[in-house]
Amino acid sequence: MYRAIQAAVAIAVVEDAVRGIQRAMDDWDGVNDSFCDDSGAIVDSEGWGTRIVERDLAAYQHFTQILAYGAAFLFHIRPATEASAQADLLKHGRRELFGAYASAHATIRDNSHLHRSLSREETAAEVWHEMTVWASHAPTMIRAYRQAASARALAAHPTATRATAGPPTVAPSPRPASGTPTTPPSRRLP
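Residues numbered from 1 in each chain as written. Predicted model: local features only at pLDDT ≥ 70, side-chain atom pairs only at ≥ 80, totals over all residues. Heavy atoms only, no water.

Mind showing me how you'd approach the nonpolar core here?
General note: in soluble globular proteins, nonpolar side chains tend to be found buried as a group. By size, the foremost hydrophobic cluster in this structure holds 35 residues, and its most contacted members are Phe63, Ile66, Phe73, Leu97, Met131 and Trp134. Contributing elements (two or more residues each) for this core: helix H1 (2–32), helix H2 (45–83), helix H3 (87–113) and helix H5 (128–156). The greatest single-element share of this core, amounting to eleven residues, is contributed by H5. If we skip the residues at most four places from it in the chain, methionine 131 touches Ile21, Asp56, Ala59, Tyr60, Phe63 and Ala124. (Core = buried A, V, L, I, M, F, W, Y, C linked by side-chain atoms within 4.5 Å. Buried < 20%, exposed > 50% of the residue type's maximum accessible area, 1.4 Å probe, protein only. Helix = DSSP H or I, 4+ residues; strand = E, 2+ residues; numbered from the N terminus. Contact = heavy atoms within 4.5 Å.)

How should I be thinking about the side chain of glutamate 130 in this particular structure?
Looking at the secondary structure, you find glutamate 130 in helix H5. We note that glutamate 130 is buried and unpaired, the nearest opposite charge coming from arginine 55 at a distance of 11 Å. Excluding anything up to four places from it in sequence, glutamate 130 contacts Phe63, Ala100, Ser103 and Ala104. (Lys, Arg positive; Asp, Glu negative; His and termini not counted. Salt bridge = Lys/Arg side-chain N within 4 Å of Asp/Glu carboxyl O.)

I would appreciate a short explanation of the side chain of histidine 62 in the present structure.
Structurally, the position occupied by histidine 62 is in helix H2. Each residue touching histidine 62, except ones within four places of it in the same chain, is listed here: Ala17, Gly20, Ile21 and Arg23.

Set out below in structure tokens:
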């Protein structure tokens, strides 16, 4: 039971964090072109730079939850992704997530060991790639996990689905032709 609760928490936290990172990316995509001319060259470098920092910080705020729960997430999704029909694709995605998770932690750890006091803005910029990897691959892993959990639940309780499906439907009997009595033969009056 504890593992199921731990998995549910890790999945929910990572899913929420990924949505936050994706929102930051979408917000940036909505304004990015406004800083560029028709050929794509940046015409407002100050505005562009300010918005990039805001984007990175908004995404990093959510990514800190992945830094905290990512190991549990990766642990709990592994069985589901290995048992899937798409195991090779999911295995690749899981490797990408693990690499990005380890890389982000290493970047943060190395900066603290080198006594580099990076600002939150600089840290967010340094782990931007890792954040995008999680935003890209985690949703697929979450879907695979949920599909596997649903299949396990169905296999464990196959009669539960029949009970919730409702009573079987009966096809209506054909209507008698007009003029034909509707009272059954045994009840007809002479």
